[in-house]
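Summary of structural features
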Amino acid sequence: MEKVLLYCGAELDEKRAASILQSLGMNLMIIKESDLGQTLGYLAGRDGFEKTEAAVSKSFTESFMILDQVEDERILAISKAFEAAGMPYRGIKAMITEHNQHWKMADLFQEVSLEHAYFDELSNLQQLLQEGNTYASKDYTENSWMRFQAAMLEAYMVYQSRPEQIRELTKAKAQLRGAIEQLETI
């Protein structure tokens, strides 16, 4: 049976979001701070999962919509319903799978938040590389251009390698930003 677990961050009105989901006939569970230590399987009502006494002291500012056994066309319908109501859902969506059903809700939130941060940083580095491609050597001193070119090459190599650690993306972005700021015009 399809089910939606909804954790409302600061930007999402819980009552309106619940109303939208219920108007679609979705089986809904609002996730509270006290639920963050529970497994996804338990919260979704899957067989073989029991409530734990695990407490989580962390809270999250983002909204999370965790979908269980929801088909693609229903996910699209959810997105369209939020847009039609004038409040496009901007939070994180994830599916409960055989692999993550044993995870605590907080662990899934943490993992997905890190993934989103990583891809945001990757996108930021890509945009900075695109900006770097707009500069022309004829406009800058030879030494500053050489430093800039070295930073561009390093940033491009990091971008292409898709490193496991976000800090590598952040470092490459900072070095390229610094090289851009230090370009000396002729």
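Worth saying up front: this structure is predicted, and the values here are computed from it rather than measured.

1. Details of the overall build of the protein chain
A count of helical and extended segments in the protein chain gives 6 helices and 4 strands. Helices and strands in the protein chain line up, N terminus first, as β-α-β-α-β-α-β-α-α-α. Its C-alpha atoms give the protein chain a radius of gyration of 22 Å, clearly above 16 Å, the size a compact globule of 186 residues would have. If you line up the protein chain on its principal axes, its C-alpha atoms span 65 × 35 × 25 Å.

2. Quick word on the packing of aromatic side chains
For the coordinates displayed, the defined rule picks out 11 aromatic pairs. Taken together, a centroid distance of 5.7 Å and an interplanar angle of 80 degrees make the contact between Y135 and F148 edge-to-face. Residue Y135 is found in the loop between α4 (105–132) and α5 (142–161), and its partner F148 is found in helix α5; the two are separated by 13 residues along the sequence. The exposure class of Y135 is partly exposed, given its relative accessible area of 22%. Arranged with centres 4.8 Å apart and planes meeting at 45 degrees, the rings of W145 and F148 form a pair that is tilted. One end of the pair, W145, and the other, F148, are both in helix α5, 3 residues apart, so they sit about a helical turn from each other. In terms of burial, W145 and F148 fall into one category: buried. Through a chain of ring-to-ring contacts, the aromatic side chains of Y7, F60, F64 and F109 assemble into a single cluster. Sitting over the ring of Y159, R162 keeps its end group 4.4 Å from the ring centre.

3. Comments concerning the environment of R90
Topologically, R90 is positioned in the loop between α3 (72–84) and β4 (92–95). According to the relative accessible area criterion, R90 is exposed, its value standing at 69%. Along the backbone, R90 and S23 are 67 residues apart, and their C-alpha atoms lie at a distance of 19 Å.

4. With respect to the packing of α4 against α5
Orientation of α4 relative to α5, taken along the N-to-C sense of each, is 145 degrees, at an axis distance of 10 Å. In the packing of α4 onto α5, the handedness of the crossing is left-handed. Note on element contacts: α5 touches α4 through F148, M152, A155, Y156, V158 and Y159, opposite L122, L125, Q126, L129 and G132. Broken down by class, the residue content of the contact of α4 with α5 amounts to 9 nonpolar, 2 polar and no charged.

5. Structural notes on the packing of α4 against helix α6 (residues 166–181)
Packing of α4 against α6 leaves a shortest axis separation of 9 Å and a crossing angle of 25 degrees. With respect to α6, the axis of α4 lies roughly parallel. Taken as a pair, α4 and α6 cross one another with a handedness that is left-handed. Contacts between α4 and α6 pair A117, Y118, E121, L122, N124, L125, L128, L129 and E131 from the former with I166, L169, T170, A172, K173, L176, R177 and I180 from the latter.

6. Considering α3
For α3, built from 13 residues, the straight-helix expectation of 18 Å at 1.5 Å per residue is met to within 8% by its first-to-last C-alpha distance of 18 Å. Looking at α3, one finds that the buried residues are I75, I78, A81 and F82. Taken down its axis, α3 places every buried residue within 120 degrees of arc, on the same side. Among the exposed residues of α3, those pointing more than 90 degrees away from its buried face are D72, E73, K80, E83 and A84. Where the residues of α3 are buried, they touch β1 (3–7), α1 (14–23), β3 (64–68) and β4. The first or second residue beyond α3 is G86, which carries a positive phi of 80 degrees.

What counts, and where the lines are drawn
Residues numbered from 1 in each chain as written. Predicted model: local features only at pLDDT ≥ 70, side-chain atom pairs only at ≥ 80, totals over all residues. Heavy atoms only, no water. Helix = DSSP H or I, 4+ residues; strand = E, 2+ residues; numbered from the N terminus. Rg over C-alpha atoms; globule rule 2.2 N^0.38 Å. Phe/Tyr/Trp six-rings, centres within 6.5 Å; stacked < 30°, edge-to-face > 60°. Buried < 20%, exposed > 50% of the residue type's maximum accessible area, 1.4 Å probe, protein only. Lys NZ or Arg CZ within 6 Å of the ring centre and 35° of its normal. Axes fitted to C-alpha atoms, helices over the stretch in contact; angles between N-to-C directions. Left-handed = near helix turned anticlockwise from the far one by under 90°. Contact = heavy atoms within 4.5 Å. Nonpolar A, V, L, I, M, F, W, Y, C, P; charged D, E, K, R; others polar. Parallel < 35°, antiparallel > 145°, perpendicular 65-115°, else oblique. Expected span 1.5 Å × (residues − 1). Arc of directions from axis to C-beta.

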